[in-house]
Amino acid sequence: MLEFQNITKIYESKNKQVVGVDNVSLKINKGDIFGIVGYSGAGKSSLLRCVNLLERPSNGKVLVDGIDLTQLSSSELRTARLKIGMIFQHFYLISQKTVGENIAFALRAAKTPKNEIHKRVKELLAMVGLTDKEDVFPAQLSGGQKQRVGIARALANNPSILLCDEATSALDPKTTLSILKLLKQINEKLGITIVLITHEMNVVKEICNRMAIMQDGKVIEEGAVYDIFAQPIKPLTQEFINSVVSFEIPDEILKDVKGQVIKLLFKGEVAGEGVISDTMQRFDVKGNFLHGTIEYIQERPLGIFVMELQGEKSTVDEAKKYMEQRGAVVEVVKHV
Ligand SMILES: Nc1ncnc2c1ncn2[C@@H]1O[C@H](COP(=O)(O)OP(=O)(O)OP(=O)(O)O)[C@@H](O)[C@H]1O
Ligand SMILES: [Mg+2]
């Protein structure tokens, strides 16, 4: 498990201080794929760099499996760092070395016996699908392939945690997807905990099970990805969610709607359409769909419908109550 306890990072530059991370406490469970989301400058990289102490926090503790890394001697820290792999947006491969040598470099740094290095390089290349690229130089690879080398290198010393700082931001959507699939495979097969920074909610939706949203150095919301997608609380979180699953009804349309407008949320296995049609049959209300979608998040369906309800106020209220009893989360978007 990875735990941040009251982490603050203050950067001192000439005559002013910049707060990069502001008192963040966060627990990341073993086996999580944990997404950290936020706009530029929110403090995501600063926080991530505190995990392996590339950046020393000004205050607070970083616990990896219960051990406070900030208290380790420099040689203990070197050993601990081997168990924390990291990949970056711009890959940072050594351009004068072949793919195989780039990976071998990480193994040598960990004092892997010479006669084991080549075998391990081959294993790692197979894991990331680059068996035929061992003797090629980074310049001869596509962005996606470069990131695969980055991943192989990060996994060289069997880390328990893999940190990814905008690892797919330089890639096109299709390549992004293939890298995310690889990361998920690594998480499932090797049980490696992944902490992933991104400003793209699609990335989170694709592979993360839990997430946190950062703003001005603080974590403003955190939880299971499914729950946050279903009911984001903070305006910034809503903004991020809306960028991938938008349920906003244009004002021009809302203006012309006469009845009450409600948003219905059906989580998991509750079949939304069935509940809605039962409601329409039972109550003397007229329903008008304005928007409807079923999203799959973590392979769990999330049904979202926006509809207008016309009828007597008391009947409309009863209908809403009935839908709630049937498992819907009902939110009024516009009163009559
Ligand atoms: N080495 C540094 N020296 C001074 N200030 C820094 C340093 N690194 C980061 N900061 C400041 O700390 C704040 C958080 O930066 P950070 O790089 O962690 O944000 P981020 O969320 O990763 O942004 P991005 O999405 O652009 O990568 C910013 O205000 C930034 O200017
Ligand atoms: Mg960053």
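Because the structure is a prediction, the values reported are computed rather than measured.

So, how was this worked out
- Residues numbered from 1 in each chain as written.
- Chains lettered and ligands numbered in written order.
- Predicted model: local features only at pLDDT ≥ 70, side-chain atom pairs only at ≥ 80, totals over all residues.
- Heavy atoms only, no water.
- Helix = DSSP H or I, 4+ residues; strand = E, 2+ residues; numbered from the N terminus.
- Buried < 20%, exposed > 50% of the residue type's maximum accessible area, 1.4 Å probe, protein only.
- Areas by Shrake-Rupley, 256 points an atom, 1.4 Å probe, with all protein chains shown as cover.
- Lys, Arg positive; Asp, Glu negative; His and termini not counted.
- Charge placed at Lys NZ, Arg CZ, Asp CG, Glu CD.
- Core = buried A, V, L, I, M, F, W, Y, C linked by side-chain atoms within 4.5 Å.
- Domains from an automatic or database assignment.
- Contact = heavy atoms within 4.5 Å.
- Near = heavy atom within 4 Å.
- Polar contact = N/O pair within 3.5 Å; in protein donor to acceptor, adjacent residues only side chain to side chain.
- UniProt positions renumbered as here; feature names shortened; annotations may be inferred.
- Axes fitted to C-alpha atoms, helices over the stretch in contact; angles between N-to-C directions.
- Parallel < 35°, antiparallel > 145°, perpendicular 65-115°, else oblique.
- Left-handed = near helix turned anticlockwise from the far one by under 90°.
- Nonpolar A, V, L, I, M, F, W, Y, C, P; charged D, E, K, R; others polar.
- Patch = residues over 30% accessible without salt bridge, like charges linked within 9 Å, V, L, I, M, F, W, Y side chains within 5 Å.
- Salt bridge = Lys/Arg side-chain N within 4 Å of Asp/Glu carboxyl O.
- Expected span 1.5 Å × (residues − 1).
- Arc of directions from axis to C-beta.
- Pairing = 2+ DSSP bridges.

Q: Give a description of the overall build of the protein chain that names residues and reports values.
A: Along its length, the protein chain carries 12 helices and 14 strands. Principal-axis analysis of the C-alpha atoms gives the protein chain an extent of 80 × 50 × 35 Å. Residue burial in the protein chain is summarised as follows: out of 336 residues, 49% are buried. Split by element, the accessible area of the protein chain, about 16800 Å² in all, is 49% carbon and sulfur. On the protein chain, the mean spot of the 43 positive side-chain charges and the mean spot of the 41 negative ones are 7 Å from each other.

Q: Lay out the nonpolar core in plain terms, naming residues and giving numbers.
A: Core analysis: the largest hydrophobic core is formed by 63 residues, its most contacted members being Ile151, Leu183 and Leu196. Residue assignment places this core across two domains, with domain 1 (2–242) and domain 2 (251–334) each supplying three or more. If we ignore the near neighbours within four places in the chain, the residues touching Leu183 are Ile87, Ile151, Leu162, Cys164, Ile194, Leu196 and Ile207. Within the second largest apolar cluster, 28 residues are counted, among which are Leu47, Val51, Val62 and Leu163.

Q: I'd like to hear about the site of ligand 1, residue by residue, with values.
A: Surveying the vicinity of ligand 1 reveals the residues Tyr11, Val18, Gly20, Tyr39, Ser40, Gly41, Ala42, Gly43, Lys44, Ser45, Ser46 and Arg49. Gly43 is positioned such that a nitrogen or oxygen atom in its backbone is 3.0 Å from an oxygen atom of ligand 1. Between Ser46 and ligand 1, the recorded distance is 2.5 Å, taken from a side-chain N or O atom to an oxygen atom. Elements represented by at least two residues in the shell around ligand 1 include exactly strand E2 (16–28) and helix H1 (44–51).

Q: Help me get a handle on the UniProt feature "domain: ABC transporter" (unreviewed entry) in the protein chain, residues and values and all.
A: Mapped onto the present numbering, the UniProt feature "domain: ABC transporter" (unreviewed entry) falls at residues 2–241. Spanning residues 2–241, this segment combines 39% helix with 28% strand, and its end C-alpha atoms are found 26 Å apart.

Q: Summarise the packing of helix H3 (residues 99–109) against helix H4 (residues 114–127); cite the residues concerned and give the values.
A: Describing two packed helices takes the angle between their axes plus the distance from one axis to the other. Two elements in contact, H3 and H4, have axes separated by 9 Å at closest approach and are oriented at 120 degrees. On the basis of the axis angle, H3 is oblique to H4. The way H3 lies across H4 gives a crossing that is right-handed. Along its contact with H3, which presents Val99, Gly100, Ile103, Ala104, Leu107 and Arg108, the element H4 presents Ile117, Arg120, Val121, Leu124 and Leu125. Class assignment for the residues of the contact of H3 with H4 results in 8 nonpolar, 1 polar and 2 charged.

Q: Tell me what's going on with a positive patch on the surface, and back it up with residues and numbers.
A: Residues Arg56, Arg78, Arg81 and Lys111 make up a contiguous surface patch of positive charge. In this structure, Arg78 sits in helix H2 (residues 74–82).

Q: Talk me through the side chain of Glu55; I want residue IDs and the actual numbers.
A: Note that Glu55 resides in the loop between H1 and strand E4 (59–64). Of the polar contacts made by the side chain of Glu55, one reaches the side chain of Arg49; its length is 3.0 Å. Once residues lying within four places of it in the same chain are set aside, the contact partners of Glu55 are Lys9, Tyr11, Ser46, Arg49 and Cys50.

Q: With reference to specific residues and values, describe helix H6 (residues 173–190).
A: Compared with the 26 Å implied by 1.5 Å per residue over 18 residues, the 25 Å span of H6 between its first and last C-alpha is a close match. Regarding H6, the residues found buried are Thr175, Thr176, Ile179, Leu180, Leu182, Leu183, Ile186 and Asn187. Axial view of H6: buried residues confined to an arc of 155 degrees, hence all on one face. Facing away from the buried side of H6, by more than 90 degrees, are the exposed residues Pro173, Lys174, Lys181, Glu188 and Lys189. One side-chain oxygen at the N-terminal end of H6 lies 3.0 Å from the backbone nitrogen of Lys174; it belongs to Asp172. Just downstream of H6 lies Gly191, where phi reads positive at about 65 degrees.

Q: Which residues make up the environment of Leu47, and what values go with them?
A: Tracing the backbone through its elements, the reader meets Leu47 in helix H1. In this structure, Leu47 is in contact with Phe4, Ile7, Val21, Val24, Leu26, Ile36 and Met214, ignoring residues within four places of it in sequence.

Q: Please give an account of a negative patch on the surface that cites residues and values.
A: On the surface, Glu248, Asp251, Glu252 and Asp256 cluster together into a negatively charged patch. The residue Asp256 is located in helix H10 (residues 251–256) in this model. A relative accessible area of 58% means that Asp256 is categorised as exposed.

Q: Residues and numbers for the sheet that holds strand E13 (residues 300–310), please.
A: Pairing is antiparallel across the open sheet formed by 4 strands, whose spatial order is E12-E13-E11-E14. Looking at the sheet topology across the chains shown, the edges are occupied by strand E12 (286–297) and strand E14 (328–334). Adjacent strand axes in the sheet meet at a mean angle of 20 degrees when their direction is disregarded. Of the strand pairs in this sheet, E12 and E13 are connected by 11 bridges, and their pairing is antiparallel. Considered in E13, the bridge of Ile294 is made with Gly303. Taken strand by strand, helix H11 (residues 272–282) contacts strand E11 (260–267), E12 and E13, and its axis lies near 25 degrees from that of E13.

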